[in-house]
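Reading the structure
Residue strings, one per chain:
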Amino acid sequence: MSIADRFAHFSKLHVAGDPLRLVNVWDAGSARAVAEAGAPALATSSWAVAAAAGYPDGEELPFDALLATASAILRATDLAVSVDFEGGYADAPDEVQGHARTLLGLGLVGCNFEDRKVRGEGLHGVEDQAARLRAIVAAAAGLDRPIFINARTDLFLGTDPATHAGRVDEALVRAEAYAAAGAGSFFVPGLGDPALIARICGASPLPVNVMVLDPTADLAALARLGVARISFGPAPYVAAMQSLAALAGQLLGH
């Protein structure tokens, strides 16, 4: 399929109440395994991609290594692939645009893009982040193709759950701004309160993505809240490495 066809198919998979499940991958082998399990599309986890290469998360993985991993995944599957672009490996919109142009030139259908200051403190302001999103959209337009951006807000990740109710209004302001800038979905990792998830799903102009780290979680319950996309972040990588370690111990007689 063409990029436009894959984009259209990928977009249609985001259905509130019948969410797309993305088992996050980290290399060509994991991509092929997940594809063979029946996945409708693929997405990477920056944490897992970095860990698999021996780096910590947070754009410590060299950008060239990210490109090499994305290329290998694309060679391994015919499915639509979205890559975790973190914060674009830059702050300034023009630099983000340049990196996005290189990444999208590989043939990806989409990317994750977060609003935290990866190399600093706190979050980018709403307007600053909207400008950064528009830069990615412009990079895609320059390649005469669409791009599905999963716009991530870090308002909830790593913060006290007791403060989450007070962060929802700002999250919705960001959802509106990110939608206007050209994002395709709105990602709220770290938010686990069902009532707050339902509130965001009900008010967001974009389909909502949540992250699930517990493989035993009730995914049907999340669907009933109006979630349109469920991703599993580093959980598949962690499970795979735990399984490998157990097998290695058995084979080594430990």
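See above for the structure.
Quick caveat, the model's predicted, so the values are computed rather than measured.

The rules behind the values
- Residues numbered from 1 in each chain as written.
- Predicted model: local features only at pLDDT ≥ 70, side-chain atom pairs only at ≥ 80, totals over all residues.
- Heavy atoms only, no water.
- Core = buried A, V, L, I, M, F, W, Y, C linked by side-chain atoms within 4.5 Å.
- Buried < 20%, exposed > 50% of the residue type's maximum accessible area, 1.4 Å probe, protein only.
- Helix = DSSP H or I, 4+ residues; strand = E, 2+ residues; numbered from the N terminus.
- Contact = heavy atoms within 4.5 Å.

The nonpolar side chains of a soluble globular protein tend to be buried, and buried together. Among the nonpolar cores identified, the biggest contains 65 residues, and Phe 85, Ile 136 and Ile 200 are the most heavily contacted of them. With seven residues, helix 7 (residues 168–181) is the single largest residue contributor to this core. Ignoring anything within four residues of it in the chain, the contact list for Ile 136 reads Phe 85, Val 96, Ala 100, Leu 104, Cys 111, Phe 113, Ile 147 and Ile 149. Counting residues in each nonpolar core, the second largest holds nine residues, with Leu 22, Ala 43, Ala 80 and Phe 148 among its members.

With that out of the way, let us pick up unusual backbone geometry. Of note, the phi angle at Glu 59 is positive, near 60 degrees, even though the residue is not glycine. In this structure, Glu 59 sits in the loop between helix 3 (46–52) and helix 4 (63–76). The exposure class assigned to Glu 59 is buried, which follows from its relative accessible area of 6%. Within the chain, Glu 86 stands out as a residue other than glycine whose phi angle is a positive 50 degrees. You can see Glu 86 is positioned in the loop between strand 3 (81–84) and helix 5 (93–104). Note on Glu 86: relative accessible area 4%, which makes it buried.

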